[in-house]
There are 2 protein chains.
Amino acid sequence: MELMYKGKTKDVYKLENELYLLKFKDDVTGENGVFDPGANTVGLTIDGAGLAGLKLTSFFYSKLNELNVPTHYIDANFEEATMTVKPATVFGKGLEVICRFKAVGSFLRRYGAYVNEGQELNAFVEVTIKDDERLDPPISEDALAMLNILTHEEYAILKERTIEISKFVASELEKKGLTLYDIKLEFGRDSKTGEILLIDEISGGNMRAYKGDTYIAPLELERIMLSE
Amino acid sequence: MELMYKGKTKDVYKLENELYLLKFKDDVTGENGVFDPGANTVGLTIDGAGLAGLKLTSFFYSKLNELNVPTHYIDANFEEATMTVKPATVFGKGLEVICRFKAVGSFLRRYGAYVNEGQELNAFVEVTIKDDERLDPPISEDALAMLNILTHEEYAILKERTIEISKFVASELEKKGLTLYDIKLEFGRDSKTGEILLIDEISGGNMRAYKGDTYIAPLELERIMLSE
């Protein structure tokens, strides 16, 4: 099994059957020892964070596959904290597609002159480029097209699918009395068919979930979501 | 004559005939004593900068008015370094609409992972919000619409008009052997008719002009453009 890439929170291995294996680690993003899903650095290590992220990802992706939303997910092995996925290529050097239900985080930092903290944003979609050095700048549909990262047609698909997936996640959280403030998704092209797939993960590490006014940390989110 | 607003490079007075007077100052934007059209602070004072900016603005806006491009410009008084304009209200708390012909400045800082310095950008348009505290963040068409700053229809007009005006400015520079790298425009709504107007100024202070590989500073640009 060949190690292809060491990521901040996951390592990627190539399997012999043309599939890939994602190994979930206990490292989470943050700064100065405080978890922050929008951060670009590993802020801390939390025992069990990798497995919790995998379990929640498996929970959401299994359901999405059943709903015929194309994802890279095939199956998960909780003992090994690994997930088997279809190979996919990212757009450009990787994009993050963010769906916002409430104004917090970088949106509030950028547009605080026009929105109040926590203001309703009605599944607003925006794209940032994955570029740690340049602090993941937001990028417009026109710029994505001009830089040959996404066509306008692909942008429309990503936007529609992001809203669909994010509303699905929000509704799953709602069943447990939680509110989704924002969520960060990643997409890629199926290496074989070119089809646009949801890739990466959906876990506490890439969303902000609240119970009333209280932020729910990733491990607690996994516990609540996966409890009977 | 009532002082309405003290700006970084211009002061605004209300006239008795419902028009406004812009007084051009010798302060220019920059940092640490170096001129930078994208900066948010007054970096230095250059004797004659205000008048030079006014003369160049008058040159471009007179021509744009002749071409039936709606602007706020009525006339200029070079002795007083003032310009008479129609009243207009800005979009939100003010937007900057940037047209880029070559990748430099904040575009290069944001998207340097995808473009080389000086790369051709073919009149690419992007919008930033005027917000010194938040460093004038870029904002997407969708965010402008959601935050009730611009409708999609207004965005389309601004984009089209920005390309038209910027190409006109580029062609005027080209007549003098200069190349326009980028330019920053401002628009507003005519306070009486609601019509979208080009407001503010067009001078060396809001564009980057080059002769070959050499950047042409604002005063030099004015000298070249207005010489016979």
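What counts and how
Residues numbered from 1 in each chain as written. Chains lettered and ligands numbered in written order. Predicted model: local features only at pLDDT ≥ 70, side-chain atom pairs only at ≥ 80, totals over all residues. Heavy atoms only, no water. UniProt positions renumbered as here; feature names shortened; annotations may be inferred. Helix = DSSP H or I, 4+ residues; strand = E, 2+ residues; numbered from the N terminus. Contact = heavy atoms within 4.5 Å. Expected span 1.5 Å × (residues − 1). Buried < 20%, exposed > 50% of the residue type's maximum accessible area, 1.4 Å probe, protein only. Least-squares fit on C-alpha atoms with pLDDT ≥ 70 in both. Pairing = 2+ DSSP bridges. Buried area = accessible area lost by both parts, 1.4 Å probe. Salt bridge = Lys/Arg side-chain N within 4 Å of Asp/Glu carboxyl O. Core = buried A, V, L, I, M, F, W, Y, C linked by side-chain atoms within 4.5 Å.

- The name an unreviewed UniProt entry gives chain A is phosphoribosylaminoimidazolesuccinocarboxamide synthase, with Solibacillus merdavium as the organism.
- Taken directly from UniProt, the Catalytic activity (unreviewed entry) text for chain A runs: "5-amino-1-(5-phospho-D-ribosyl)imidazole-4-carboxylate + L-aspartate + ATP = (2S)-2-[5-amino-1-(5-phospho-beta-D-ribosyl)imidazole-4-carboxamido]succinate + ADP + phosphate + 2 H(+)".
- Of the comments in the UniProt record for chain A, the one headed Pathway (unreviewed entry) reads "Purine metabolism; IMP biosynthesis via de novo pathway; 5-amino-1-(5-phospho-D-ribosyl)imidazole-4-carboxamide from 5-amino-1-(5-phospho-D-ribosyl)imidazole-4-carboxylate: step 1/2."

Quick look at the side chain of A:S58
Thinking step 1. As for its position among the elements, A:S58 is in helix α1 (residues 49-66).
Thinking step 2. Not counting the four nearest positions on each side in its chain, A:S58 is found in contact with A:Y73, A:A76 and A:F78.

A few points about the UniProt feature "domain: SAICAR synthetase/ADE2 N-terminal" (unreviewed entry) in chain A
Thinking step 1. Per the UniProt annotation, the sites labelled "domain: SAICAR synthetase/ADE2 N-terminal" (unreviewed entry) are residues 4-215 of chain A.
Thinking step 2. End C-alpha atoms of residues 4-215 of chain A are separated by 35 Å, and the span's content is 26% helix alongside 37% strand.

Digging into helix α1 (residues 49-66) of chain B
Residue and element names in this part refer to chain B.
Thinking step 1. With 18 residues, α1 extends 26 Å between its outermost C-alpha atoms, agreeing within 8% with the 26 Å of an ideal straight helix rising 1.5 Å per residue.
Thinking step 2. Listed in full, the buried residues belonging to α1 are A49, G50, A52, G53, L54, L56, T57, S58, F60, Y61 and L64.
Thinking step 3. Following α1 by one or two positions, N68 has its phi on the positive side, about 65 degrees.

Considerations on the relation of the copies chain A and chain B
Thinking step 1. Expressed as a screw transformation, the operator carrying chain A onto chain B has a rotation angle of 180 degrees and an axial translation of 0.0 Å, and the superposed copies differ by an RMSD of 0.0 Å. Both copies are brought into coincidence by an operation consistent with a two-fold rotation axis. Closest to the rotation axis within chain A is the C-alpha of A:S140, separated from it by 2.7 Å.
Thinking step 2. The share of interface residues of chain A whose copies in chain B are also at the interface is 100%, consistent with both copies meeting through the same surface.

Structural notes on the sheet that holds strand β5 (residues 34-35) of chain B
Residue and element names in this part refer to chain B.
Thinking step 1. Strand order in the open sheet formed by 3 strands is β5-β4-β6, and the pairing between neighbours is antiparallel. At either end of the open sheet lies a strand with only one pairing partner, and these are β5 and β6 (42-45).
Thinking step 2. Strand direction decides the pairing type here: strand β4 (residues 27-31) and β5, joined by 2 bridges, are antiparallel. Counterpart to E31 in the pairing with β5 is V34.

Regarding the interface of chain A and chain B
For an interface, size is often stated in terms of accessible area lost upon the parts coming together.
Thinking step 1. Facing the 29 residues of chain A at the interface are 29 residues of chain B.
Thinking step 2. When the two sides are added together, the surface that chain A and chain B hide from each other amounts to roughly 2400 Å², 65% of it contributed by carbon and sulfur.
Thinking step 3. On the chain A side of the contact with chain B, A:Y111, A:Y114 and A:M146 bury the most area, a combined 27% of that side's loss.
Thinking step 4. Where chain A packs against chain B, one counts 2 salt bridges.
Thinking step 5. For the side of chain A that touches chain B, the secondary-structure elements that each account for two or more residues are α2 (105-111), β11 (120-129), β12 (138-139), α3 (141-146) and α4 (152-175) of chain A.

Brief notes about unusual backbone geometry
Backbone geometry follows two general trends: most residues other than glycine have a negative phi, and most peptide bonds adopt the trans configuration.
All names here are of chain B.
Thinking step 1. Phi is positive for D136, which is not a glycine, with a value near 45 degrees.
Thinking step 2. Of note, N148 is a non-glycine position whose phi angle comes to about 60 degrees, a positive value.
Thinking step 3. Judged by its relative accessible area of 71%, N148 falls in the exposed class.

Concerning the nonpolar core
Thinking step 1. Counting residues in each nonpolar core, the largest one holds 59 residues, and the members touching the most others are A:F60, A:V169, A:L173 and A:I202.
Thinking step 2. By residue number, the principal contributor to this core is α4(A), which donates 7 residues.
Thinking step 3. What A:F60 contacts, discounting residues up to four positions off in sequence, is A:F168, A:V169, A:E172, A:L173, A:I202, A:M207 and A:M225.
Thinking step 4. The next biggest cluster of nonpolar side chains, apart from the first, holds 57 residues, and it includes A:F107, B:I165, B:F187 and B:A209.

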